[in-house]
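Architecture at a glance
The chain contents come next:
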Amino acid sequence: MSGMARPKGYRLSSQAWDDLVRIKGTNITQVAERAGVGSATISGLLHGHARASLPMAHKVAAALECHPETLFPTIRIDMAEAVA
């Protein structure tokens, strides 16, 4: 990795979000309630204004009944780097 540090947190995949929300028939407010966070938090993740911590990624994924790596693909990259 180069000298620049990766910003902290995990970026939400908007494509995965759109797909899951459509399949599950839910919305930002309902996901936020299930995840135990504010809808502004979910909106910030969706619009790229915020990144999720690992615990937050797990909460949001659980609210959509999916694996965290599905919504936050860089978790997979970090895990692979940790193993290497």
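Quick caveat: nothing in here was measured; it's all calculated off a predicted structure.

Note that T26 resides in the loop between α1 (14-24) and α2 (28-35). Residue T26 is classed as buried on the basis of its relative accessible area of 10%. A polar contact is formed between the side chain of T26 and the side chain of Q30, at a distance of 2.7 Å. The contacts of T26, once residues within four sequence positions are left out, are V21, V31, R34 and L64.

Here the structure, examined in full by the defined rule, presents 2 salt bridges. A salt bridge links E65 to K24; its shortest N-O distance comes to 3.1 Å. Of this pair, E65 sits in the loop between α4 (54-63) and α5 (68-71) while K24 sits in helix α1, placing them 41 residues apart in sequence. Its relative accessible area of 64% is what places E65 among the exposed residues.

Right, let's talk about the packing of α2 against α4 for a bit. Interaxial distance between α2 and α4 falls to 8 Å at its minimum, and their mutual angle equals 120°. The angle between the axes of α2 and α4 places the two elements in the oblique class. Both α2 and α4 take part in a crossing whose hand is right-handed. Here α2 contributes V31, R34 and A35 to the contact with α4, which in turn contributes K59, V60 and A63.

Our next topic: α2. Of the residues making up α2, those classed as buried are V31, A32 and A35. Here the buried residues of α2 occupy an arc of 100° about the axis, which is enough to place them on one side. Exposed positions of α2 whose direction lies more than 90 degrees from the buried face are E33 and R34. Elements in contact with the buried residues of α2: α1, α3 (39-46) and α4. Backbone geometry just after α2 places G36 at a positive phi near 75°.

Cut-off values and rules
- Residues numbered from 1 in each chain as written.
- Predicted model: local features only at pLDDT ≥ 70, side-chain atom pairs only at ≥ 80, totals over all residues.
- Heavy atoms only, no water.
- Helix = DSSP H or I, 4+ residues; strand = E, 2+ residues; numbered from the N terminus.
- Buried < 20%, exposed > 50% of the residue type's maximum accessible area, 1.4 Å probe, protein only.
- Polar contact = N/O pair within 3.5 Å; in protein donor to acceptor, adjacent residues only side chain to side chain.
- Contact = heavy atoms within 4.5 Å.
- Salt bridge = Lys/Arg side-chain N within 4 Å of Asp/Glu carboxyl O.
- Axes fitted to C-alpha atoms, helices over the stretch in contact; angles between N-to-C directions.
- Parallel < 35°, antiparallel > 145°, perpendicular 65-115°, else oblique.
- Left-handed = near helix turned anticlockwise from the far one by under 90°.
- Arc of directions from axis to C-beta.

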